[in-house]
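# Secondary and tertiary structure notes
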Amino acid sequence: MADRTARFSNWFQIISNIAIIIGLGLVVYELNQSRQFVHGQMIDQITSRQTDRMLVMMGENPQATLAKAALHPADLNERDVVTLDALYSHVVLGWGSQVMAGEALGLDLHWREAVPHEAQRYFGSGPGRRWLKAWSAGISPGFGSIDEVFELALRAVSDASESHYQGQYDLLLAKD
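Cut-offs and rules
Residues numbered from 1 in each chain as written. Predicted model: local features only at pLDDT ≥ 70, side-chain atom pairs only at ≥ 80, totals over all residues. Heavy atoms only, no water. Helix = DSSP H or I, 4+ residues; strand = E, 2+ residues; numbered from the N terminus. Salt bridge = Lys/Arg side-chain N within 4 Å of Asp/Glu carboxyl O. Buried < 20%, exposed > 50% of the residue type's maximum accessible area, 1.4 Å probe, protein only. Axes fitted to C-alpha atoms, helices over the stretch in contact; angles between N-to-C directions. Parallel < 35°, antiparallel > 145°, perpendicular 65-115°, else oblique. Contact = heavy atoms within 4.5 Å. Nonpolar A, V, L, I, M, F, W, Y, C, P; charged D, E, K, R; others polar.

Relative to the assigned elements, Arg129 resides in helix H5 (residues 126-138). Distance from Arg129 to Ala119, taken between C-alpha atoms, is 9.0 Å for residues 10 residues apart in sequence.

Okay, here's the thing in structure tokens:
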């Protein structure tokens, strides 16, 4: 009977040790998840602050300035340039925050599909193309996914002609 109790005790100890190891593994996993969540929240807060600043810089009617850049770029004034810079910065900041949040949280936020479409929409005009090229030239390489964002954006605006956008706007403005 003592031999049987000793064997049971040994098995119980082995099972208890395995349970402790599994429990410790789960605690480490939960700590890692919490760290990723906090990192994502920090990125969101930084992005929100930047967005608030950019919205103030864009003023009350950034659409008018964007329309002027697309349809009458020669008429842009200094205020328009500041508005466009804030708007373009806001778009690029949005891309960066999507990439960083996705990487921090281990999520695929499908930014690779969104960037070319948004790049064509916002940076398809002459001023937008020049801004995007200048901005991307000022970014130091080696940021991994952020470098890929700019490559996708630059490729998107260089693949489509500027006259394509002008043609779209002309169709929308045509009187029937």
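Right, picking up where we left off after that structure.
Attention shifts here to the pattern of salt bridges. Under the defined criterion, the tally for this structure stands at two salt bridges. The shortest N-O distance in the salt bridge between Lys68 and Asp80 comes to 2.7 Å. Taken together, the residues span a long stretch of sequence, with Lys68 in helix H2 (residues 62-71) and Asp80 in helix H3 (residues 78-105) at a distance of 12 residues. On the accessibility criterion, Lys68 (23% relative accessible area) is partly exposed. Taking relative accessible area as the criterion, Asp80 reaches 7% and is therefore assigned buried.

Here we come to the packing of H3 against helix H4 (residues 111-123). Put simply, H3 and H4 touch, their axes get as near as 11 Å, and they point 180° apart. By the criterion of interaxial angle, the relationship of H3 to H4 is roughly antiparallel. Along the contact surface, H3 presents Leu87, Tyr88, Val91, Val92, Trp95, Gln98 and Val99, while H4 presents Trp111, Val115, Glu118, Ala119, Tyr122 and Phe123. Classifying every residue of the contact of H3 with H4 gives 11 nonpolar, one polar and one charged.

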